[in-house]
Amino acid sequence: MAGKQIRIGILGAADIAVRRFLPALQHVDGFVFAGVAISGESRREKAEEIISRYGGAVYPGYEALLQDTEVEAVYIPQPPAFHYRWAEQALRQGKHVLLEKPGTTTLPETEALIALARQENLALAENYAFCHHGQIALIRSAIAEGMLGRLRLIRAAFGFPYRDSGDFRYHAALGGGALLDCGGYTLKAAQMFLGDTTRVCAASLVWEDIHDVDLFGSVMLENRDGLTAQVSFGMDNSYKCELEIWGSKGCLLSPRLFTPPADLTVNVNVRTAEGEKILTAHPDDQFGHMAERFLECIREREAAEAEYDGLRRQMQLMEQVREKAAGVTG
């Protein structure tokens, strides 16, 4: 199966698919783009633009794509509230599924999809692409080489200015909210360095009357060894996209952890008593690496199981945040 080309389709002509996923997919050996499904004629013009650039077909409805037996995998970049419904249908049609983050909006939905994917021997993955960017390897190497000494604290922040009120992120019915959107990145980053024993100690989620979702949040986490992380996130904030790791001997700062464009050089700063050192992460396409990881999950059972575990842990942390933050308003 190692050399088999996998035909992959997209459910919906979402902006993230056009800007990041499809350009990256063209450079991943192992996938063939089958086409994009649209939910109504209003999206046809955008879909036609996609196939004029990348080939494939326009499917008149999501069901039409899922019923195409030649399509073996799907990417689902819809608003989070619709992920479970279409992922379940795709898995029942025998298709591997890559979900745009967050994978689902609740732990029971996540557990149900994992059980179905495992039953059908199918890959199910969540697109936190930043985990696969080259700067992560640089940061891990700095820690492993002892540049920071013993780790004392992890800090992560991801937030952006207010978008249009019609954006799905500001509507509960579409699976919006800061925790599910930008908050998920910071929780994922905390897990990367705290490990599998990460748990939520305290959390707050802040709402404002204008919307029915949380607009800002902060969380404190720790692992079994007592290492802690502080993360913050928001959808009505000045822009932040950074990771800081404080150790006994030094401090590391990455100013563009979560969303670096494929052509951006990222400089990671390490400060110690000896001075400052810049670790350079050369331009890297994290979406391409995520597609490669998805392909690995399709081809290797061990990789698929690891991705199931990651999906579950991520949503377990989100549920813990919700429990700890219950009743906190702004």
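Conventions adopted
Residues numbered from 1 in each chain as written. Predicted model: local features only at pLDDT ≥ 70, side-chain atom pairs only at ≥ 80, totals over all residues. Heavy atoms only, no water. Pairing = 2+ DSSP bridges. Helix = DSSP H or I, 4+ residues; strand = E, 2+ residues; numbered from the N terminus. Axes fitted to C-alpha atoms, helices over the stretch in contact; angles between N-to-C directions. Phe/Tyr/Trp six-rings, centres within 6.5 Å; stacked < 30°, edge-to-face > 60°. Buried < 20%, exposed > 50% of the residue type's maximum accessible area, 1.4 Å probe, protein only. Arc of directions from axis to C-beta. Contact = heavy atoms within 4.5 Å. Parallel < 35°, antiparallel > 145°, perpendicular 65-115°, else oblique. Left-handed = near helix turned anticlockwise from the far one by under 90°. Core = buried A, V, L, I, M, F, W, Y, C linked by side-chain atoms within 4.5 Å.

**Quick word on the sheet that holds strand β4 (residues 73-76)**
Okay, so step 1: The six strands lie next to each other as β3-β2-β1-β4-β5-β6, forming an open sheet whose pairing is parallel. Strands with a single pairing partner mark the edges of an open sheet, and in this sheet they are β3 (57-59) and β6 (124-127). Mean inter-strand twist for the sheet, computed between neighbouring axes without regard to direction, equals 25°.
Okay, so step 2: Pairing of strand β1 (residues 6-11) with strand β2 (residues 31-37) involves six bridges; the strand directions are parallel. Note that in β2 the partner of Arg7 across the bridge is Val32.

**Structural notes on the packing of aromatic side chains**
Okay, so step 1: Using the criterion set out here, one finds 11 aromatic pairs in the structure.
Okay, so step 2: Relative to Phe258, the ring of Phe158 lies with its centre 5.2 Å away and its plane at 35°, an arrangement referred to as tilted. One end of the pair, Phe158, is in strand β7 (residues 151-159); the other, Phe258, is in the loop between β12 (250-254) and β13 (266-272), with 100 residues separating them in the sequence.
Okay, so step 3: An aromatic cluster is built from Tyr128, Phe130, Phe158, Phe160, Tyr185 and Phe258, whose rings are joined through pairwise contacts.

**A few points about helix α2 (residues 44-54)**
Okay, so step 1: Those residues of α2 that fall on the buried side of the exposure criterion are Ala47, Ile50 and Tyr54. Seen from one end, α2 has its buried residues packed into an arc of 55°, which puts them on one side. Those residues of α2 that are exposed and angled more than 90 degrees off the buried face are Glu45, Ser52 and Arg53.
Okay, so step 2: In this structure, the buried residues of α2 make contact with α1 (15-25), β2 and β3.
Okay, so step 3: Phi for Gly55, located one or two positions after α2, is positive at around 80°.

**Here we look at the packing of helix α7 (residues 179-194) against helix α9 (residues 301-325)**
For any two helices packed against each other, one specifies the inter-axial angle together with the distance between the axes.
Okay, so step 1: Where α7 meets α9, the axes come as close as 10 Å, and the angle between the chain directions of the two elements is 115°. The angle between the axes of α7 and α9 places the two elements in the roughly perpendicular class. As for the relative orientation of α7 and α9, their crossing is right-handed in sense. On α9, the residues touching Leu179, Leu180, Gly184, Leu187, Lys188 and Gln191 of α7 are Gly310, Arg313, Gln314, Met315, Leu317, Met318, Val321 and Arg322.

**Topic: the nonpolar core**
Okay, so step 1: The biggest cluster of nonpolar side chains holds 57 residues, and the ones touching the most others in it are Phe31, Val97, Leu124 and Phe294.
Okay, so step 2: For this core, the element with the highest residue contribution is helix α8 (residues 286-299), accounting for seven residues.
Okay, so step 3: Residues within four places of Phe31 in sequence aside, it is in contact with Gln5, Ile6, Ile8, Leu25, Ala291, Phe294, Leu295 and Ile298.
Okay, so step 4: If you look at the next biggest cluster of nonpolar residues, it comprises 52 residues, including Ala156, Ala178, Tyr185 and Leu257.

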